[in-house]
Each structure stands twice: as C-alpha cells, then as structure tokens.
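Below are the chains, spelled out letter by letter.
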Amino acid sequence: MRSMILKICKRLAGMLIMVLIVASFTFFLVRIIPGNPVQAKYLSLVSKGVSPYQANIQVRALYGFLPQTSLWHQYISYMVDLFHLNLGQSITYTGDSVSQIMSDALPWTIGLVSIGIIISFVLGVIMGVVAAVKRSSKTGDAVTWGSTFLHSIPNYLLGVLLIFLFSTFWRLFPVGSPYDASLKPGLNIPFLASLLRHLFLPIATYVISGYGGWTLSMKSSVISVLGDDFILASELRGMRRGIIVRYIARNAFLPLFTGLALTLGFMFGGSALIETVFNIQGLGYLLTSSTGALDYPLMEGCFLLITVAVILANAVADVLYTVIDPRVRG
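Residues numbered from 1 in each chain as written. Predicted model: local features only at pLDDT ≥ 70, side-chain atom pairs only at ≥ 80, totals over all residues. Heavy atoms only, no water.

> Report on the overall build of the protein chain, specifying residues and quantitative values.
Along its length, the protein chain carries 13 helices and zero strands. Reading the protein chain from its N end, one meets helices and strands in the order α-α-α-α-α-α-α-α-α-α-α-α-α. Taking all 330 residues of the protein chain together, the buried fraction comes to 37%. Summed over its atoms, the accessible surface of the protein chain is roughly 18,900 Å², and 69% of this surface lies on carbon and sulfur atoms. (Helix = DSSP H or I, 4+ residues; strand = E, 2+ residues; numbered from the N terminus. Buried < 20%, exposed > 50% of the residue type's maximum accessible area, 1.4 Å probe, protein only. Areas by Shrake-Rupley, 256 points an atom, 1.4 Å probe, with all protein chains shown as cover.)

This is the structure in structure tokens:
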C-alpha cells in the first residue's frame, strides 16, 4: 500500500513538472513569433482617438509589459499567476478572462470531437477486423483501399467538400453557426433539432477523417496477432472461428487503446482547422484566432490546456490498460 501511494505521488510530481516545463516553454515561444502585437494595438488605439501617452499605457497594461519590466520579470509574474490558477486577461476579448473564454468554448470542442472520435474509432475497429480477416477477398480489398483513400484526405479539405455537397449544392444542412440564432438555447425540441442539423457536417467530418486511420491501424494489429502461437493452437484444437475472431479482436484492440486515449487528449487542439471551416467557436477556433491576433494570454491558456489534457489522458490510459490487460501489471 505504501509503495503504491509513493508511486502515485511520483507520478503526480512528474505530471506537475511536465506541465511547468511546457508552460515555461510556451511563455517564451509565443513571444518569438514574428510580429509586433504591442505596436499593432498601439496604432489601433491611436486611430480611435486615444492620446499616444494613454495608448502606450493601455497597451503595456494589457500585455503585462509594465515600464522597465524585463522579460524574466514577466515570466516570474506569469508563473506566480499560474500557481494561483490565474491565466490572465485576453487581449482580443477585452475585459474577459482567459479562463472564462475557454470554459465557454470547451463544450463545443468536447461535444464535437469526442462524438466524432468515438464513432470513428468504433467503426474503424470493426472494419479493421473485417479487412484483416477477409484480406484475401474483394471485401477486404475494398475496405482497405477505401480506408486508405479517406485517410489521405486532409480533414479541413474534407470539411470544405462536405459543405459544398450538402450545404451549397443540395442545401440539406446549414453551416456558419452551431444553431439557429433565432432560437433560445435550452433543452427543447426546436433548439436540439437545430443543433443537430448545424453540427451534423462537422461531426461527419471528424468521423470520416478519423475512420480510415483507425481501420488501417486495427487491420495491421489484427494481422500481427494472427501470427501468434495461441491462434495456431486454437485452430489446431478445432475451436470455432467465431471464438477465434473474438480472441484476435480483443488482443489486437489493446495497442489501439493508448492511441484512443491520446487522441482524446489532443482533441482540444486538433480541431482547429475544422472548427475554423465551420465557424464553430471551440478551443481549436480560439487557438487559431489568438495566434493570428498574437493574443499571448489566450495562446498560453490554450496550449496549457492541451498539455494538461494529453498528460491526464496518458495517465488514464496507463491505469485502464492494466485493467484491460492484466498481463502488464507489475
């Protein structure tokens, strides 16, 4: 029991150190991006009638660049705020905290990406088994070539194609917003129906773009398991093929489980292009817009959230992996 507690404490300490390292790296990284956000904001305020002196003070206060404050002083201030769970104020969304902005965007990304990833994963695992077991048939070839083709299409390009076909050409699904602006959000049928129609194409994009990769990975894993000794022994004993396939699928699924957990962790940043294409203001959209506007606090907040999500997803995957496969327990 004591050793287990010690192991957990070491794991948590390692996770905390990793978060601090990434936060430090991100702090300096965003500040070497080409461009001068201070000068751009200064000129914007002056063009609106603010005096040069006041504009200079406002810009420095917004970006945390107080007079005679060095970069290292800014870094120390940032880390102190981070320990107090204060991510600062956004430059783009004046007056709003980074935490509030990200919490408003979080449900859109989680809802869209998690549904798309889970559906594509389930379909990919099933079709990967089919492609491996029937790899010498036309069915297996069709599944493999179709998955390869879908996997080769960039997700944003696939999103544009779906918009053209189902929104512009056939006008079946609306795009440009997550729901009809004339409806009041809530648990009512009109709003939920509008939400489903508006989000169908983004979810379909996630499903189609992820399906091919999961199918090919599962096929490769199943084929490698087919060569194991226990499969040959099962066949020699006359075990029914359906039971053998279940054994194969279970053992082949294990390598994909860690990939699924990490994919769910990366979903906060991996949705940037699709959210931008469909104009859905999730975390990916925030990351793209904050990078274009050089909104340092919002960029740092988005990168930090992605880091924490990936680290937690990896830790959860390790724990659940031992539950699924008792052989790795030590």
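> Summarise the UniProt feature "transmembrane region" (unreviewed entry) in the protein chain; cite the residues concerned and give the values.
Residues given the UniProt feature "transmembrane region" (unreviewed entry) here are residues 12-33, 108-133, 153-173, 193-214, 247-268 and 303-324. Secondary structure content for residues 12-33 is 86% helix and 0% strand, while the C-alpha to C-alpha distance between its ends is 32 Å. Helix makes up 100% of residues 108-133 and strand 0%, and the two end C-alpha atoms of the span are 38 Å apart. (UniProt positions renumbered as here; feature names shortened; annotations may be inferred.)

> Can you tell me about the nonpolar core, naming the residues and giving the values?
One finds Leu82, Met102, Leu112, Met218, Val222, Leu286 and Leu298 to be the most contacted residues of the largest nonpolar core, which totals 56 residues. Where this core is concerned, the elements lending two or more residues are α1 (2-30), α4 (71-83), α5 (98-133), α7 (155-169), α8 (189-226), α10 (241-270), α12 (283-293) and α13 (296-324). Formed by five residues, the second largest nonpolar core is a distinct cluster that contains Leu254, Ala261, Ala317 and Tyr321. (Core = buried A, V, L, I, M, F, W, Y, C linked by side-chain atoms within 4.5 Å.)

> Report on the packing of α5 against α12, specifying residues and quantitative values.
At a minimum axis separation of 7 Å, α5 and α12 run at an interaxial angle of 130 degrees. The angle between α5 and α12 places the two elements in the oblique class. For the pair α5 and α12, contact is made by Ile101, Met102, Ala105, Leu106 and Thr109 and by Leu283, Gly284 and Leu286, respectively. Across the contact of α5 with α12, the residue classes break down as six nonpolar, two polar and no charged. (Axes fitted to C-alpha atoms, helices over the stretch in contact; angles between N-to-C directions. Parallel < 35°, antiparallel > 145°, perpendicular 65-115°, else oblique. Contact = heavy atoms within 4.5 Å. Nonpolar A, V, L, I, M, F, W, Y, C, P; charged D, E, K, R; others polar.)

> How would you sum up the environment of proline 178? Please name residues and give values.
Considering the arrangement of structural elements, one finds proline 178 in the loop between α7 and α8. For proline 178, a relative accessible area of 15% translates into the label buried. As for proline 178 and histidine 198, which are separated by 20 residues in sequence, their C-alpha atoms are 5.4 Å apart.

> How would you sum up the side chain of glutamate 275? Please name residues and give values.
The residue glutamate 275 is located in helix α11 (residues 272-277) in this model. There is no salt bridge for the buried glutamate 275, and the closest opposite charge comes from arginine 197, which lies 21 Å off by N-O distance. Residues contacting glutamate 275, with those up to four places away along its chain left out, are Thr109, Tyr206, Ile280, Gly282, Leu283, Gly284 and Tyr285. (Lys, Arg positive; Asp, Glu negative; His and termini not counted. Salt bridge = Lys/Arg side-chain N within 4 Å of Asp/Glu carboxyl O.)

> Give a description of unusual backbone geometry that names residues and reports values.
In this model, leucine 85 sits at a positive phi of 60 degrees, which is unusual for a non-glycine residue. Looking at the element boundaries, leucine 85 is found in the loop between α4 and α5. Overall, leucine 85 belongs to the exposed group, its relative accessible area being 71%. The phi dihedral of arginine 171 falls on the positive side, at around 55 degrees, and the residue is not glycine. With respect to the secondary-structure elements, arginine 171 resides in the loop between α7 and α8. According to the relative accessible area criterion, arginine 171 is exposed, its value standing at 67%.

> An account of the packing of α5 against α13 is requested, with residue identities and associated values reported.
Running from amino to carboxyl end, α5 crosses α13 at an angle of 55 degrees, the nearest separation of the two axes being 10 Å. By the angle class used here, α5 and α13 are oblique. For the element pair α5 and α13, the recorded crossing hand is right-handed. Contacts between α5 and α13 pair Val98, Ile101, Met102 and Leu106 from the former with Pro297, Leu298, Gly301, Cys302 and Leu305 from the latter. Broken down by class, the residue content of the contact of α5 with α13 amounts to eight nonpolar, one polar and no charged. (Left-handed = near helix turned anticlockwise from the far one by under 90°.)

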